Amino acid sequence: MAVNLFTYGTLKTGEHPLMEKAKLLHEGFVLNNFAMYDLGVFPGIQIVYQNNQRVVGNVYKVPSLKDLDQYEGYNQNDPKGSLFVRAKVHALQYEAALIDGPLWVYLYNGRPQPAQKIENGVWDV
(Lines give C-alpha, C1' and ligand atoms only; values in the text may rest on other atoms or scores of the structure.)
Protein backbone atom coordinates (compact mmCIF):
# COMPACT_ATOMS: atom_id res chain seq x y z
CA MET A 1 0.00 0.00 0.00
CA ALA A 2 1.47 3.34 -1.06
CA VAL A 3 2.11 5.94 1.63
CA ASN A 4 3.14 9.60 1.87
CA LEU A 5 6.69 10.22 3.08
CA PHE A 6 8.29 13.53 4.06
CA THR A 7 11.96 13.54 3.00
CA TYR A 8 14.51 16.11 4.11
CA GLY A 9 17.99 14.64 3.70
CA THR A 10 19.66 12.03 1.54
CA LEU A 11 16.32 10.88 0.06
CA LYS A 12 15.02 14.40 -0.64
CA THR A 13 16.02 14.62 -4.30
CA GLY A 14 14.41 11.27 -5.15
CA GLU A 15 17.63 10.13 -6.84
CA HIS A 16 18.44 7.42 -4.29
CA PRO A 17 17.79 3.89 -5.68
CA LEU A 18 15.21 3.28 -2.91
CA MET A 19 13.19 6.18 -4.33
CA GLU A 20 13.09 5.00 -7.97
CA LYS A 21 9.39 4.05 -7.71
CA ALA A 22 8.47 7.12 -5.65
CA LYS A 23 6.29 9.88 -7.05
CA LEU A 24 7.08 13.48 -6.05
CA LEU A 25 3.93 15.12 -4.66
CA HIS A 26 5.24 18.39 -3.16
CA GLU A 27 8.60 20.12 -3.35
CA GLY A 28 9.59 22.68 -0.70
CA PHE A 29 7.04 21.31 1.77
CA VAL A 30 7.19 22.81 5.28
CA LEU A 31 6.76 20.96 8.58
CA ASN A 32 6.21 23.24 11.57
CA ASN A 33 7.50 22.58 15.09
CA PHE A 34 10.48 20.52 13.93
CA ALA A 35 14.22 21.23 14.16
CA MET A 36 16.94 19.90 11.86
CA TYR A 37 20.42 18.83 12.95
CA ASP A 38 23.62 18.20 10.98
CA LEU A 39 24.71 14.67 11.89
CA GLY A 40 27.67 14.57 9.50
CA VAL A 41 26.86 12.89 6.20
CA PHE A 42 23.11 13.16 6.79
CA PRO A 43 20.66 15.27 8.79
CA GLY A 44 18.11 14.33 11.40
CA ILE A 45 14.97 16.08 12.59
CA GLN A 46 13.13 16.09 15.88
CA ILE A 47 9.86 17.53 17.12
CA VAL A 48 10.29 20.79 19.04
CA TYR A 49 7.68 22.83 20.81
CA GLN A 50 8.63 26.23 19.48
CA ASN A 51 6.36 27.81 16.89
CA ASN A 52 9.20 29.44 14.98
CA GLN A 53 10.96 26.16 14.15
CA ARG A 54 10.40 24.46 10.81
CA VAL A 55 11.94 21.99 8.39
CA VAL A 56 11.71 22.11 4.60
CA GLY A 57 11.70 18.99 2.43
CA ASN A 58 9.79 17.08 -0.20
CA VAL A 59 6.79 14.76 -0.01
CA TYR A 60 6.72 11.58 -2.04
CA LYS A 61 4.22 8.80 -2.50
CA VAL A 62 6.22 5.60 -1.94
CA PRO A 63 5.03 2.03 -2.54
CA SER A 64 6.22 0.80 0.87
CA LEU A 65 8.27 1.82 3.89
CA LYS A 66 9.85 -1.61 4.46
CA ASP A 67 13.16 -1.03 2.63
CA LEU A 68 13.25 2.60 3.78
CA ASP A 69 12.93 1.43 7.41
CA GLN A 70 16.11 -0.60 6.97
CA TYR A 71 17.93 2.28 5.24
CA GLU A 72 16.99 4.68 8.05
CA GLY A 73 18.05 2.23 10.77
CA TYR A 74 14.50 1.79 12.08
CA ASN A 75 13.55 -1.51 13.69
CA GLN A 76 9.88 -1.59 14.69
CA ASN A 77 10.70 -4.39 17.15
CA ASP A 78 13.33 -2.21 18.85
CA PRO A 79 12.40 1.47 18.38
CA LYS A 80 14.53 2.57 21.38
CA GLY A 81 17.60 0.99 19.79
CA SER A 82 16.89 2.44 16.33
CA LEU A 83 18.90 5.30 14.83
CA PHE A 84 15.68 6.81 13.45
CA VAL A 85 12.06 6.12 14.32
CA ARG A 86 9.15 6.31 11.91
CA ALA A 87 6.28 8.56 12.97
CA LYS A 88 3.05 10.00 11.60
CA VAL A 89 3.09 13.76 11.46
CA HIS A 90 0.16 15.52 13.11
CA ALA A 91 -1.98 17.36 10.57
CA LEU A 92 -1.62 20.64 12.51
CA GLN A 93 2.08 20.65 11.68
CA TYR A 94 1.58 21.03 7.94
CA GLU A 95 -0.98 22.04 5.34
CA ALA A 96 -3.07 18.87 5.53
CA ALA A 97 -5.21 19.90 2.56
CA LEU A 98 -2.18 19.31 0.34
CA ILE A 99 -1.79 15.65 1.35
CA ASP A 100 -4.24 12.82 0.82
CA GLY A 101 -3.84 10.48 3.80
CA PRO A 102 -1.31 10.31 6.64
CA LEU A 103 2.19 11.74 6.30
CA TRP A 104 5.13 9.69 7.58
CA VAL A 105 8.58 10.94 8.55
CA TYR A 106 11.77 9.47 10.03
CA LEU A 107 12.82 11.24 13.25
CA TYR A 108 16.33 11.14 14.68
CA ASN A 109 16.31 9.02 17.82
CA GLY A 110 19.49 10.41 19.41
CA ARG A 111 20.42 13.51 21.36
CA PRO A 112 21.92 16.09 19.03
CA GLN A 113 24.08 18.92 20.31
CA PRO A 114 22.69 22.47 20.01
CA ALA A 115 25.66 23.40 17.80
CA GLN A 116 24.49 20.83 15.25
CA LYS A 117 21.22 22.67 14.65
CA ILE A 118 20.54 23.85 11.09
CA GLU A 119 18.73 27.10 11.75
CA ASN A 120 17.03 27.48 8.37
CA GLY A 121 15.70 23.89 8.41
CA VAL A 122 17.07 23.08 4.96
CA TRP A 123 19.58 20.32 4.18
CA ASP A 124 21.61 21.27 1.13
CA VAL A 125 22.26 18.04 -0.71
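Refer to the structure printed above.
Reading the values: rules and limits
- Residues numbered from 1 in each chain as written.
- Predicted model: local features only at pLDDT ≥ 70, side-chain atom pairs only at ≥ 80, totals over all residues.
- Heavy atoms only, no water.
- Helix = DSSP H or I, 4+ residues; strand = E, 2+ residues; numbered from the N terminus.
- Rg over C-alpha atoms; globule rule 2.2 N^0.38 Å.
- Contact = heavy atoms within 4.5 Å.
- 1 Å grid on protein atoms, 1.4 Å probe; cavity = no way out; pocket = protein on both sides within 12 Å on 5 of 7 lines; lining within 4 Å.
- Points joined across faces, edges and corners; volume = space filled by probe spheres on them.
- Nonpolar A, V, L, I, M, F, W, Y, C, P; charged D, E, K, R; others polar.

A. Highlighting the overall build of the protein chain. Per the secondary structure count, the protein chain includes 1 helix and 8 strands. In the protein chain, the succession of α and β elements from N to C terminus is β-β-β-β-β-α-β-β-β. Taking 14 Å as the expected radius of gyration for a compact globule of 125 residues, we find that the protein chain reaches 13 Å, a close match to that expectation. With respect to the three principal axes, the spread of C-alpha positions in the protein chain is 35 × 30 × 25 Å. The contacts in the protein chain between residues at least 6 apart in sequence include a share of 72% that link residues at least 24 apart.

B. Seen up close, the environment of Glu-72. Position of Glu-72 relative to the elements: it lies in the loop between helix 1 (66-71) and strand 6 (84-88). Residues Glu-72 and Asn-33 lie 39 residues apart in sequence; the distance between their C-alpha atoms is 21 Å.

C. Representation of empty space enclosed by the protein in the model. All told, the structure shown has 1 cavity of 30 Å³ or more when counted by the stated rule. Estimates place the volume of the largest cavity at around 30 Å³. For the lining of the largest cavity, the secondary-structure elements that each account for two or more residues are strand 3 (34-38) and strand 8 (117-118). Broken down by element, the residue count for the lining of the largest cavity peaks at 3 residues, all from strand 3. When the residues that make up the lining of the largest cavity are grouped by side-chain class, the tally is 4 nonpolar, 2 polar and 3 charged.

D. Spotlight on the environment of Ala-87. Considering the arrangement of structural elements, one finds Ala-87 in strand 6. Along the backbone, Ala-87 and Trp-104 are 17 residues apart, and their C-alpha atoms lie at a distance of 5.6 Å. Dropping the residues within four chain positions of it, Ala-87 is found in contact with Leu-103, Trp-104, Val-105 and Leu-107.

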